[in-house]
Amino acid sequence: MSTLIDEHLFGDDKAFRKQFVNNDANLPELRERIKHFTHRTLRKNVLEYVQYTQRKALTQPFEPTDDEQAVYDAVSAFLQREHSFALPKSQRHLTGLILRKLLASSTPAIMGTLGSIYQRLEQQLKEMHENLVSVSNGSSWWYTLADEEDLESDTLEALEEQTQESASAAIAADANNPTNLTRALEEEMAELGGIIEQASNLNDHTKASALLSALTLGFENMQAYRAPRKAIIFTESRRTQEYLHQFLSANGYAGKLVLFSGTNNHPESQVIYRQWLEEHRGTDRVTGSAQIDKRTALIDHFRDKNGADIMIATEAAAEGVNLQFCALLINYDLPWNPQRVEQRIGRCHRYGQQFDVVVINFLNTRNQADQRVLELLSEKLNLFSGVFGASDEVLGRIESGIDFEKRILTIYDTCRTPEEIEAAFNQLQSELEEVITHRVQETQEKLLENFDEDVHDRLKLRLDEAEARLDKIGRWFWGVSRYALAKCARFEPQTYSFALQDVPSDVSQHAPPGHYQLIRGAAQADMLAHAYRLSHPLGEWALQQARQAATPVASVTFDYQRHETKLSQVEALVGQSGWLTLQRLAFTAFETTERLLFSGMTDSGVLLDQEACEKLMSVEARGVPSAISLQPPAALVENSQCQLQAVTAELLEDNQRLFMEERDKLEKWADDKLLAAEEALKNTKAQLKQHKRDARKAITLQEQNAYQEKIAALERQQRQQRREIFNAEDEIIDKRDELIDSLQVRLKETTETELLFTLRWQVV
């Protein structure tokens, strides 16, 4: 993504992986490179003026029947096989992780996957009988599984890296003995077939039945909080999602369910999507992207009071979805990845949520490891309670989410007794406590060093006032719109909306008559109105009309008495009069920067700074400004010129700093590009060294000859790569110098000024 912003920020992907993906020590350098365009605002940063609700955690225990537990134990034993065709060593860890997730999710989820594995083994056995022993690692099959089950993206990425880095082999011990290999495969298929038959005979729905109890409990909490009767159920399997849809439909929730997944191709979802398209046809809510519009349609259906009560979602709904109208979240499958848990809860527990969010977690009471996982996530990482949930610093420090999952999987795979499970989780918990303690101390030190006693006073705003007011740009745009559309529309200032009656001819094709609602931040109060923003054709037309308006020297009276909020600087000017002028400065050097510069003074000669002038211009005028023949005093003109010179000097200094940063960035880019070429040569040298070592161990002349041919080819490749490095050095250095020269050309500054208006003002 960074290369879309700046193609010279990094070299190529190989150099990036070596420097930053496989080397944690380089994280400070990575943060330094991307700091100019990455910024994250956390809940704790805005708690002073945004009233976040609480998280309330509930646990829904369920106890599998003996038959269900027998299937669980059989699959667990299968996953712990030392040698396996179904789980090649090159993929053992992550595929085992996926299967354990599906095993804990539902019987249909694990049965469908085991059936697919059995079919793959049947094909492999057929190839063996035909003397076509397959050594494929089956990576494409696992990608298909991950896609079918809607698994999270970090699992897919880890699987891809593992496939690239691991050897593709089946059971190496018997690779040269087809008879033993065939027998081993047949025995594994027999074991797997027995597990599938055992699972298919299950008639129990213990976990699903517990979901009915969880929904009853959750909806009772919603009624007590007077919150909407809405619940989102998260599962890690698309097969489980379909199973729950059928189960809940058969148990009193038919017609009150909506599904959300990566594809959203369920028949009921398609019906909802078509109805949504018909309802919003011809409006700007339809983007034209089927994927985006499907997501919007399903969320709208879930939000609607007469729509679905329950959304059953895969991990596709854990990112990029805003569900603050829902205050009940059920983790039917609880991820081991703490970041993923936090992302799920963040869909509901976010800005705009009016009620405490209830999180219900399922717990298998016959599985000690599951109990310890929930304990870690809830008690040590504090994911399910309070205002913040898990500390962002702690989540960022414990290790990557997928690595954390691997740690837990190792416990499941290697620990056989309750004592071993307890000891392993105690060790993991001890490591977490060390990280958390260190981070708390570090944060306290930063607070003591950087705390500003004025910060809280500046940020303590009441939430209702913050919602009611526009930001500075929004207020200016609203004022421009009221001026430009005064004869075309009827405005409702309290709701920042207007009814467009006479459409300007210039935008008649893009702005139909009707109700328009100004977008404030990410919110739109009236979802049925046209979304009005700066980029809307009507908004662009209003801006153009304002830019073209004649601005002779005029007299204006600012009515501070009618202003809603207190402005101390303007209040001090009540009863006074003076002059004010606005100029546009366009400064072009390394990049073009525009500034709007106010100059003002009272009749008594007191100068007004930029902030005071901006505050004055935020107050509505009484009546219409009238043109006058007076000219501003010389002192105002002189002050305006001094201000222009000061700002120009400041911009020149900023451009010099940007030039230095760009030059340093290009130096690093050149180093990155060379690193990739040198890494390829390094790999060739390593291969050459290994082949020479193997050649010395060769017994027959044929083996010696084969190794010598490989060595000769690698030596030719090595010479070629050395030449390519020299050529690449020249090319990269020339490119770098060319870019630096172009930067120097751009440093030749030019300035342009334009007088926008001059006012004779009075404040009443």
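For every chain, the first residue of the written sequence is number 1, and numbering continues from 1 onward in sequence order. Per-residue local features of the predicted model are confined to residues with pLDDT of at least 70, and side-chain atom pairs are confined, for both listing and counting, to 80 or more; whole-chain, interface and lining totals are unaffected and use all residues. Side-chain metrics rest on all non-hydrogen atoms present in the structure, leaving aside hydrogens and water.

**Regarding the overall build of the chain**
Then comes step 1: When helices and strands are counted, the chain shows 27 helices and 16 strands.
Then comes step 2: Relative to its full complement of 764 residues, the chain shows a buried share of 42%.
Then comes step 3: When checking whether two residues touch, look at their non-hydrogen atoms; a contact exists if any pair is within 4.5 Å. Taking as baseline every contact in the chain between residues at least 6 positions apart, the subset at least 24 positions apart corresponds to 74%. Numbering of helices and strands runs from the N terminus; a helix is a DSSP stretch of H or I covering at least four residues, while a strand is a stretch of E covering at least two. Type-normalised accessible area, obtained with a 1.4 Å probe on protein chains alone, sets the label of each residue: buried when under 20%, exposed when over 50%, and partly exposed for intermediate values.

**Comments concerning the packing of helix H11 (residues 206–225) against helix H12 (residues 238–253)**
Then comes step 1: At a closest axis distance of 11 Å, the pairing of H11 and H12 adopts a crossing angle of 60°. Overall, the two elements H11 and H12 adopt an arrangement that is oblique. Remark: the crossing between H11 and H12 carries right-handed chirality. Between H11, through Ala208, Ser209, Leu211, Leu212, Leu215 and Phe219, and H12, the contact on the second element is made entirely by Tyr243, Leu244, Phe247, Leu248, Asn251 and Tyr253.
Then comes step 2: Side-chain classes are defined by residue name, with Ala, Val, Leu, Ile, Met, Phe, Trp, Tyr, Cys and Pro counting as nonpolar, Asp, Glu, Lys and Arg as charged, and the others, Gly among them, as polar. Across the contact of H11 with H12, the residue classes tally to ten nonpolar, two polar and no charged. Axis definition: a line fit to C-alpha positions, over the contact stretch in the case of helices; interaxial angles, taken between N-to-C directions, run 0 to 180 degrees. An angle counts as roughly parallel when it lies under 35 degrees, as roughly antiparallel when it exceeds 145, as roughly perpendicular when it falls between 65 and 115, and as oblique in every other case. Two helices that cross are described as forming a left-handed crossing if the nearer one is turned anticlockwise from the farther one by less than a right angle, and a right-handed crossing if clockwise.

**Notes on a nonpolar patch on the surface**
Then comes step 1: Patch membership needs two things, relative accessible area over 30% and no salt bridge, and members are linked within 9 Å if like-charged or within 5 Å if nonpolar (Val, Leu, Ile, Met, Phe, Trp, Tyr). For the area figures, the Shrake-Rupley method with a 1.4 Å probe applies, and any residue is considered shielded solely by the protein chains shown. Salt bridge, as used here, is a side-chain nitrogen of Lys or Arg placed within 4 Å of a carboxyl oxygen of Asp or Glu. Residues Leu4, Ile5 and Phe37 make up a contiguous nonpolar surface patch of about 340 Å² in total accessible area.
Then comes step 2: Along the chain, Phe37 falls in the loop between helix H3 (27–34) and helix H4 (43–46).
Then comes step 3: Phe37 gets classed as partly exposed once you look at its relative accessible area, which sits at 33%.

**Describing the sheet that holds strand S6 (residues 357–364)**
Then comes step 1: Across the sheet, which stays open at both edges, the six strands sit in the order S1-S6-S5-S2-S4-S3 with parallel pairing between neighbours. Edge positions in the sheet fall to strand S1 (55–62) and strand S3 (257–260), since each of these pairs with one other strand and no more. Between one strand axis and the next, the sheet turns through 20° on average, direction left out of account.
Then comes step 2: A pair of strands is considered paired only if DSSP assigns at least 2 bridges between the two. As paired elements, strand S2 (residues 231–234) and strand S5 (residues 328–331) share three bridges and run parallel to each other. Residue pairing across strands places Ile232 opposite Leu329, the latter belonging to S5.
Then comes step 3: Sheet contacts for H11: S1, S2, strand S4 (310–313), S5 and S6; angle to S1, the most-contacted strand, approximately 155°.
Then comes step 4: Strand contacts of helix H15 (residues 338–348): S1, S2, S5 and S6, with the helix running at about 160° to S5, the strand carrying the most contacts.

**Focus on the environment of Ser249**
Then comes step 1: Tracing the chain through its elements places Ser249 in helix H12.
Then comes step 2: Excluding anything up to four places from it in sequence, Ser249 contacts Ala254 and Leu257.
Then comes step 3: Distance and chemistry together define a polar contact, namely a pair of N or O atoms within 3.5 Å, with one atom able to donate a hydrogen and the other to accept it when in protein, and with adjacent residues in sequence counting only for side-chain atoms on both sides. A distance of 2.6 Å separates a polar side-chain atom of Ser249 from the backbone oxygen of His245.

**Re the nonpolar core**
Then comes step 1: Residues belong to a common nonpolar core when they are buried Ala, Val, Leu, Ile, Met, Phe, Trp, Tyr or Cys residues joined through side-chain atoms within 4.5 Å. Formed by 37 residues in total, the largest nonpolar core has its most connected members in Ile232, Phe260, Phe302 and Leu323.
Then comes step 2: Among the secondary structure elements, those contributing two or more residues to this core are S2, S3, helix H14 (290–303), S4, H15, S6, helix H16 (368–380) and helix H19 (418–450).
Then comes step 3: Ranked by residue count, the leading element in this core is H16, at five residues.
Then comes step 4: Excluding residues that lie within four positions of it along the chain, Ile232 makes contacts with Phe302, Met311, Ala313, Leu323, Cys326, Leu328, Leu329, Ile330 and Cys348.
Then comes step 5: Judged by nonpolar contacts, the second largest core, of 28 residues, contains Val71, Ile117, Met189 and Leu202.

**Brief notes about H14**
Then comes step 1: Look at H14: 20 Å from first C-alpha to last across 14 residues, which is about the 20 Å you get at 1.5 Å a residue.
Then comes step 2: Considered for burial, the residues of H14 that qualify are Asp293, Lys294, Ala297, Leu298, Ile299, Asp300 and Phe302.
Then comes step 3: Considering only its buried residues, H14 is in contact with S2, S3, helix H13 (267–279) and S4. Helix span is expected to be 1.5 Å times the residue number reduced by one.

**With respect to the confidence of the model for the chain**
Low-confidence regions, as indicated by low pLDDT, have predicted coordinates that should not be scrutinised in detail.
Then comes step 1: For every residue, the predictor states its confidence as a pLDDT score lying anywhere from 0 to 100. Taken over all residues, the pLDDT of the chain has a mean of 79, while the share at 70 or more is 77%.
Then comes step 2: Low pLDDT (under 50) marks residues 133–138, which in the prediction has 14 contacts with non-local residues, meaning those over four places away or in another chain.
Then comes step 3: Considering only residues more than four positions removed or in separate chains, one finds that residues 387–402, a stretch of pLDDT under 50, has 51 contacts.

**Considering helix H7 (residues 107–129)**
Then comes step 1: In this model, H7 (23 residues) spans 33 Å end to end at C-alpha, consistent with the 33 Å of a helix rising 1.5 Å per residue.
Then comes step 2: Within H7 the residues assigned to the buried category are Ala109, Ile110, Thr113, Leu114, Ile117, Arg120, Leu121, Gln124, Leu125 and Met128.
Then comes step 3: The backbone nitrogen of Ala109 has a side-chain oxygen 3.2 Å away, supplied by the residue at the start of H7, namely Ser106.

**Observations regarding the packing of helix H22 (residues 472–484) against helix H23 (residues 537–548)**
Then comes step 1: Two numbers describe how H22 lies on H23: the axes approach to 9 Å, and their chain directions differ by 80°. Here H22 lies roughly perpendicular to H23, going by the angle between them. Mapping the contact onto sequence places Phe477, Val480, Ser481, Tyr483 and Ala484 in H22 and Gly539, Trp541, Ala542, Leu543, Gln545 and Ala546 in H23.
Then comes step 2: When grouped by side-chain class, the residues that make up the contact of H22 with H23 number eight nonpolar, three polar and no charged.

**Observations concerning a negative patch on the surface**
Then comes step 1: A cluster of acidic residues, Asp730, Glu731, Asp734, Glu738 and Asp741, forms a negative patch at the surface.
Then comes step 2: With respect to the secondary-structure elements, Glu738 resides in helix H27 (residues 701–746).
Then comes step 3: Residue Glu738 is classed as exposed on the basis of its relative accessible area of 51%. A residue counts as positive if it is Lys or Arg and as negative if it is Asp or Glu; His and the chain ends are not included. By convention, charge coordinates are those of NZ in Lys, CZ in Arg, CG in Asp, or CD in Glu.

**Observations concerning the pattern of salt bridges**
It is possible for side chains of opposite charge to pair when their charged atoms get near one another.
Then comes step 1: Summed over all chains, the structure comprises 25 salt bridges.
Then comes step 2: One salt bridge connects Asp333 with Lys207, and the closest N-O pair in it is separated by 2.9 Å. With Asp333 in the loop between S5 and H15 and Lys207 in helix H11, the pair connects residues that are 126 residues apart, well separated along the chain.
Then comes step 3: By relative accessible area, which is 10% here, Lys207 ends up buried.
Then comes step 4: A salt bridge links Arg760 to Asp603, with the nearest nitrogen and oxygen atoms 2.5 Å apart. You can see Arg760 sitting in strand S16 (residues 750–763) and its partner Asp603 sitting in the loop between strand S13 (592–602) and strand S14 (607–608), a full 157 residues away along the chain.
Then comes step 5: Judged by relative accessible area, which is 22%, Arg760 ranks as partly exposed.
Then comes step 6: Relative accessible area serves as the criterion here: at 45%, Asp603 is assigned to the partly exposed category.
Then comes step 7: Salt bridges here are not isolated pairs; linked through shared partners, they connect Glu315, Glu319, Arg340 and Arg344.

**Here's the deal with unusual backbone geometry**
The general pattern is negative phi for most residues beyond glycine and trans for most peptide bonds.
Then comes step 1: Even without being glycine, Arg226 reaches a positive phi, approximately 60°.
Then comes step 2: Since its relative accessible area comes to 74%, Arg226 is described here as exposed.

**Digging into the sheet that holds S14**
Adjacent strands of a sheet form backbone hydrogen bonds with each other and so pair up, either parallel or antiparallel.
Then comes step 1: The strand order across the open sheet built from six strands is S14-S13-S12-S16-S11-S15, with neighbouring strands paired in mixed fashion. For this open sheet the edge positions go to S14 and strand S15 (626–627), each flanked by a neighbour on one side alone.
Then comes step 2: Where S13 and S14 come together, two bridges link them in antiparallel fashion. Paired with Gly600 across the strands is Leu608, a residue of S14.
Then comes step 3: On the sheet, helix H25 (residues 610–617) packs against strand S11 (554–558), strand S12 (577–588), S13, S14 and S16 and is oriented at approximately 80° with respect to S13.

**Observations concerning the packing of aromatic side chains**
Then comes step 1: Centres within 6.5 Å are what make two rings of Phe, Tyr or Trp a pair, Trp counting through its six-membered ring; a difference in plane orientation under 30 degrees is then read as stacked, over 60 as edge-to-face, and the rest as tilted. Under the criterion given, the structure shown has eleven aromatic pairs.
Then comes step 2: Taken together, the ring pairs in this structure connect Phe477, Trp478, Phe491, Tyr496, Phe498, Tyr516 and Tyr532 into an aromatic cluster.
Then comes step 3: The side chain of Arg229 reaches across the aromatic face of Phe219, ending 4.1 Å from its centre.
Then comes step 4: In this scheme, Lys NZ or Arg CZ marks a charge over a ring once it lies within 6 Å of the ring centre and within 35 degrees of the ring normal. Seen from the ring of Tyr273, Lys294 lies directly overhead, with NZ or CZ sitting 5.9 Å from the centre.

**Some words on the pairing of S6**
Then comes step 1: Counting buried positions along S6 yields eight of eight residues, so the element is predominantly enclosed.
Then comes step 2: As judged from the eight bridges shared by S1 and S6, these two strands associate in the parallel manner. Bridging from a neighbouring strand, Ala57 pairs with Val359 of S6.
Then comes step 3: Between the parallel elements S5 and S6, the chain passes through H15 in a crossover that is right-handed. By definition, the crossover connecting two strands over a helix is right-handed if that path, from the first strand to the second, turns clockwise as seen with the strands pointing away from the viewer.

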